[in-house]
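Residue-level structure breakdown
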Amino acid sequence: MPDTLRWLCEAYYQSDAFMSLDERTRYVRKQVVEHCLNEPTEPGAKTLYADFPLDRMTPKAIKVLRDRKARLPEAANVRVKAFRQIFAWAMEAETTEKLTANHARDVAYKPRQGDGFHAWTLDEVERFEEHYPVGTTARLAMALLLYTGQRRSDIVVLGRQHVRDGWLIFTQFKGRNRKPARMEIPIIPELQRIIDASPTGDLTYLKTTFGKPFTGNGFGNRMRKWCNDAGLSDCSSHGLRKAAAARLAELGCSDREIMSITGHTTTKEIDRYTRSARQRKMAENVLRRINDAS
């Protein structure tokens, strides 16, 4: 029906704002929104959010959707973010007079619990290396993740065509259609040694057992199995990205220097990634000063 939440979401799916998103982002966002639309407005009620009239929309209605995922803060926040985007588009495009405000903006995000993905320790890196020697695809995968600090969506497309005079030059996959980030990262000798000693694909360094490039999700699943088989159930591909940032922090690199490698555009995530490493570094500096003074 016109001027219902379902009607507005269907219009959003056809908009330039939605279609300009990465394919994976569109898929995830639509899945999130569809789950919300198919939920009852109240426990046991027959009325679904899909039929919610826009002229009765309030922040409380979005808050209810958020709080149904209260035990999963990230999932709760994804819901709020999705409707913030939909309502922002509708207000800008003047899609309907029934929606008078971006009600989702008045709903706060749930605070994060902990620091997210587990960052690999040096001991865990060594255990993985012991389990997968140089020349295996698993070892090459870990080296690419650790020594470039990139996401799995970038790791799976990197290949020799991206190399110029010992540097990897590429555009990051995330945000490539809206805010493309062009990266230039030096290939350190240890990474080059592992690449040279490893079987690689024609256009990508990493290849499946069938000789094909990995998809982002496929690589994530394979990395999960490699970690499990090595007895590292807490470790993941994203955790190596955090470990790479932490290592740079331990070496005394500034936030801006770390961002030049990871491609982050704000210091917020960098701070989360490197907080423990910086604390340890500062504690070591304090201890050094005490020893020097004694």
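Residues numbered from 1 in each chain as written. Predicted model: local features only at pLDDT ≥ 70, side-chain atom pairs only at ≥ 80, totals over all residues. Heavy atoms only, no water.

What follows deals with the state of the cysteines. Within this structure, the stated rule accounts for zero disulfides. Looking at the unpaired C36, the closest cysteine sulfur is the one in C9, lying at 8.7 Å. Take C227: it sits in no disulfide, and the sulfur closest to it among the cysteines is that of C235, at 5.6 Å. (Disulfide = S-S within 2.5 Å.)

What follows concerns the pairing of strand β2 (residues 167-171). Only one face of β2 is buried: it carries L168 and F170, and the other face, with W167, I169 and T171, is open. The sheet contact formed by β2 and strand β3 (residues 182-186) spans five bridges and is antiparallel. Its bridge partner lying in β3, I169 is registered against E184. (Buried < 20%, exposed > 50% of the residue type's maximum accessible area, 1.4 Å probe, protein only. Helix = DSSP H or I, 4+ residues; strand = E, 2+ residues; numbered from the N terminus. Pairing = 2+ DSSP bridges.)

Between its terminal C-alpha atoms helix α5 (residues 73-93) stretches 30 Å, which fits the 30 Å expected from 21 residues at 1.5 Å a residue. Packing partners of the buried residues in α5 comprise α1 (5-13), α2 (16-19), α3 (23-37) and α4 (59-67). Remark: E94 follows α5 within two positions and exhibits a positive phi of approximately 50°. (Expected span 1.5 Å × (residues − 1). Contact = heavy atoms within 4.5 Å.)

Centre-to-centre distance and the angle between the planes together describe a pair of aromatic rings. With the rule as written, the count across this model stands at ten aromatic pairs. On the numbers, 6.5 Å between centres and 50° between planes, the contact of Y12 with Y13 is tilted. Of the residues examined, Y12 reaches a relative accessible area of 2% and is grouped as buried. Measuring from centroid to centroid gives 5.4 Å for Y13 and F18, while their planes differ by 50°, and the two rings are tilted. Judged by its relative accessible area of 5%, F18 falls in the buried class. Grouped by ring-pair contacts, the aromatic residues Y12, Y13, F18 and W89 constitute a single cluster. A cation sits over an aromatic face here: K30 above Y13, 4.8 Å from the ring centre. (Phe/Tyr/Trp six-rings, centres within 6.5 Å; stacked < 30°, edge-to-face > 60°. Lys NZ or Arg CZ within 6 Å of the ring centre and 35° of its normal.)

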